[in-house]
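# Summary of structural features
So the chains spell out like this:
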Amino acid sequence: MGQNGHDLCNAVSALCPVEATLYGYYPNLGANAFFAALFGFLLIAQLIIGTWTRTWTFMLAVGIGTFGECVGYIGRLIMHKNPWSNTGFEVQICCLVLAPSFLAAGIYLTLKHMVLYCGPEYSRLKPNRYPWIFIGSDLGSIIVQAIGGGVAASAKNSTNPALLTAGDALIIAGIALQSVTMGVCGLMILDFFLRRRKARTEDKATTLSNDAHTRSPLRFRIFCFAIGFSFFTILIRCLYRIPEMAGGWGNPRMRDEPVFLGLDGAMVALASISFTVAHPGFMFPPMRKGSKSRS
């Protein structure tokens with residue numbers, strides 16, 4: 001690093017040891033190759049299923065997310081070969097920081113349709129406001145993280161350590177905003193389902209509007225579980241990233257690759273697999289473009 005007197009380092013040597021890099025290790029070849037291949041496969045699956053079922057916006061959000069993860073782990077593979085690689089560092093820091101935000105957007109895209117399906121009268125928000133509010137906030141977190149990632153990536157060759165600190169702070173702020181957005185979203189959905197359950201319990205003798213939908217088909221229940229599971233795995237990833245980045249570049253948490261692979265890579269992978277196995281194109285037809293049925 002420039003601020004550490006290693007501004008001329010471009011490969012591991014006696015003067016430029018791997019321990020002096022930000023991560024302090026050679027990224028594991030097998031684990032990072034696995035994640036790169038997995039996200040590449042999931043990207044192809046999302047494109048095929050999304051095109052077939054005409055779930056265009058969901059395909060776009062999750063497709064960008066899985067593409068970003070795939071490219072990010074390719075960046076880590078470049079760093080396995082050369083931990084001093086500027087290209088590898090820039091690619092992985094930008095992609096792996098940003099990609100989960102697009103996966104979170106995939107969750108928010110389902111909310112409008114789920115509320116319409118289950119009963120909009122139980123929601124404190126109008127259904128069409130869910131994507132505007134939560135995707136809008138998510139977009140804000142993406143912009144902040146993108147600026148931070150760009151600053152951090154450019155700072156790798158800078159002699160100004162304040163650039164790395166500024167990039168780190170922006171990334172933390174963006175991830176924190178994403179975490180708050182997910183938390184508020186989770187509370188809103190929990191409130192919606194509690195209000196819906198209470199209304200059904202207190203008025204058993206009356207057929208409520210959308211009551212036919214209270215006997216949801218099994219695939220819709222599976223879809224709800226999958227979305228909830230994805231929500232929690234992405235939230236875990238965000239909550240891990242905040243203290244990891246807050247410790248500063250090169251801190252012990254950042255240099256612990258097994259923890260990173262478990263709490264970032266694995267969590268995002270599980271969310272992406274869940275999105276694919278319980279894809280709304282199959283499990284929740286109301287999200288299909290041109291769908292005329294809510295049942």
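Residue positions are given per chain, counted from 1 along the sequence in the order it is written. In keeping with the predicted nature of the model, local features appear solely for residues at pLDDT of at least 70, side-chain atom pairs appear and are counted solely at 80 or more, and the whole-chain, interface and lining totals rest on all residues. Calculation of side-chain values draws on the structure's entire complement of heavy atoms; hydrogens and water are dropped beforehand.

Now for the packing of aromatic side chains. Two aromatic rings, drawn from Phe, Tyr or Trp (for Trp, its six-membered ring), form a pair once their centres lie within 6.5 Å of each other, and the interplanar angle then sorts them: stacked below 30 degrees, edge-to-face above 60, tilted otherwise. Enumeration according to the criterion identifies 19 aromatic pairs in this entry. Centroid distance phenylalanine 58 to phenylalanine 275: 5.6 Å. Interplanar angle 85°. Geometry classified as edge-to-face. Of the two residues, phenylalanine 58 sits in helix H2 (residues 56-81) while phenylalanine 275 sits in helix H7 (residues 257-277), which places them 217 residues apart along the sequence. Pair check on accessibility: phenylalanine 58 and phenylalanine 275 agree, each one buried. Three or more aromatic residues link up through ring pairs in this structure, and these residues are Tyr23, Tyr25, Phe89 and Trp249. Throughout this description, the term charge over a ring refers to an Arg CZ or Lys NZ atom that lies within 6 Å of the ring centre and within 35 degrees of the ring normal. Taking NZ or CZ as reference, arginine 76 lies 5.8 Å from the ring centre of tyrosine 23, over its face. Strands here are runs of E lasting at least two residues and helices are runs of H or I lasting at least four, both read from the DSSP assignment and numbered beginning at the N terminus. Each residue's exposure class comes from its accessible area (1.4 Å probe, protein chains only) as a fraction of the maximum for that residue type: buried when under 20%, exposed when over 50%, partly exposed otherwise.

With that settled, consider the packing of H2 against helix H3 (residues 86-118). Lines fitted to the C-alpha atoms define the axes, with helices restricted to the stretch that makes contact. Angles between their N-to-C directions range from 0 to 180 degrees. Taken N-terminus to C-terminus, the directions of H2 and H3 make an angle of 160°; their axes are 7 Å apart at the nearest point. Judged by the inter-axis angle, H2 sits roughly antiparallel to H3. Like other packed secondary-structure pairs, H2 and H3 cross with a definite hand, here left-handed. The classification used treats Ala, Val, Leu, Ile, Met, Phe, Trp, Tyr, Cys and Pro as nonpolar, Asp, Glu, Lys and Arg as charged, and all other residues, Gly among them, as polar. The class makeup of the residues in the contact of H2 with H3 is 18 nonpolar, 10 polar and two charged. For classification purposes, an angle smaller than 35 degrees is called roughly parallel, one larger than 145 roughly antiparallel, one from 65 to 115 roughly perpendicular, and anything else oblique. Each helix crossing is assigned a hand: it is left-handed if the near helix lies turned anticlockwise from the far helix by less than a right angle, otherwise right-handed if that turn is clockwise.

Our focus in this paragraph is the UniProt feature "transmembrane region" (unreviewed entry) in the protein. Mapped onto this structure's residue numbering, the UniProt feature "transmembrane region" (unreviewed entry) falls at residues 29-49, 56-78, 90-111, 132-151, 171-194, 222-242 and 262-284. As annotated, residues 132-151 has a helix share of 100% and a strand share of 0%, and its two end C-alpha atoms lie 28 Å apart. End-to-end, the C-alpha atoms of residues 222-242 are 31 Å apart, and along that stretch the chain is 100% helix and 0% strand. UniProt positions are given in the numbering used here, feature names are shortened, and annotations may be inferred rather than shown by experiment.

For the rest of this paragraph, the subject is the pattern of salt bridges. The salt bridge criterion pairs a side-chain nitrogen of Lys or Arg with a carboxyl oxygen of Asp or Glu, the two atoms within 4 Å. In the structure shown here, the tally under the stated rule is five salt bridges. Close ionic contact of glutamate 257 with arginine 76 constitutes a salt bridge, the shortest N to O distance being 3.0 Å. On the criterion of sequence distance, the pair formed by glutamate 257 in helix H7 and arginine 76 in helix H2 is long-range, its members being 181 residues apart. Across the pair, exposure class does not vary: glutamate 257 and arginine 76 are buried alike. In this structure, arginine 124 engages aspartate 191 in a salt bridge whose closest nitrogen and oxygen atoms are separated by 2.7 Å. With arginine 124 in the loop between H3 and helix H4 (129-154) and aspartate 191 in helix H5 (residues 161-202), this pair connects stretches of sequence that are 67 residues apart. Linked through salt bridges whose partners overlap, the residues forming this network are Arg237, Arg241, Glu244 and Asp264.

Residues Phe225, Phe229, Leu270, Ile273 and Val277 make up a contiguous nonpolar surface patch of roughly 470 Å² in combined accessible area. Among the secondary structure elements, those contributing two or more residues to the nonpolar patch are helix H6 (218-246) and H7. Summarising the element assignment, phenylalanine 229 is placed in helix H6. Grouping into patches uses exposed residues only, defined as over 30% relative accessible area, and leaves out salt-bridged ones; the cut-off is 9 Å for like charges and 5 Å for nonpolar side chains (Val, Leu, Ile, Met, Phe, Trp, Tyr). Reported accessibility uses the Shrake-Rupley method at a 1.4 Å probe radius. Residues are deemed covered only where the shown protein chains occlude them.

So, on to the state of the cysteines. Disulfide assignment relies on a single distance test, namely cysteine sulfur atoms paired within 2.5 Å. Per the stated rule, a full pass over the model turns up one disulfide. Across a sulfur-sulfur distance of 1.9 Å, cysteine 9 and cysteine 16 are joined as a disulfide pair. One quick way to see it: the torsion about the S-S bond of cysteine 9 and cysteine 16 is about -80°, and its sign makes the bridge left-handed. One exposure class covers both cysteine 9 and cysteine 16, and it is buried. Free cysteine: cysteine 70, not disulfide-bonded; nearest cysteine sulfur from cysteine 95 at 9.4 Å. In this structure cysteine 118 is a free cysteine whose sulfur lies 5.8 Å from that of cysteine 224, the closest cysteine sulfur available.

Residue pairs three or four apart in sequence face the same way in an α-helix, which turns once every 3.6 residues. Residue count minus one, scaled by 1.5 Å, sets the expected span of a helix. An ideal rise of 1.5 Å per residue puts 30 Å on 21 residues; H7 measures up with 28 Å between its terminal C-alpha atoms. The angle between axes fitted to the seven-residue stretch ending at a residue and the seven-residue stretch beginning at it gives the bend at that residue. By the largest-angle criterion, alanine 266 marks the main kink of H7, which is about 30°.

Per residue, pLDDT captures the predictor's confidence, and it can take any value from 0 to 100. Averaged over every residue, the pLDDT of the protein is 87; residues scoring 70 or more account for 89%. Every residue pair with non-hydrogen atoms within 4.5 Å of one another is taken to be in contact. Across residues 1-5 the pLDDT falls below 50, and counting only partners more than four positions away or on other chains, this stretch makes 15 contacts in the model.

This part covers the environment of glutamine 92. Turning to its location among the elements, glutamine 92 is positioned in helix H3. Here glutamine 92 falls in the buried class, since its relative accessible area comes to 2%. Separated by 23 residues in sequence, glutamine 92 and glutamate 69 place their C-alpha atoms 8.4 Å apart. Two N or O atoms form a polar contact when they lie within 3.5 Å of each other; inside protein one atom must be a possible hydrogen donor and the other a possible acceptor, and for residues adjacent in sequence the pair counts only when both atoms belong to side chains. For glutamine 92, the side chain forms a polar contact with the side chain of tyrosine 23, separated by 2.8 Å.

Its location among the elements puts leucine 177 in helix H5. Separated by 35 residues in the primary sequence, leucine 177 and isoleucine 142 place their C-alpha atoms 9.4 Å from one another. Once you skip the residues sitting within four places of it in the chain, leucine 177 turns out to touch Ser137, Gly140 and Ser141.

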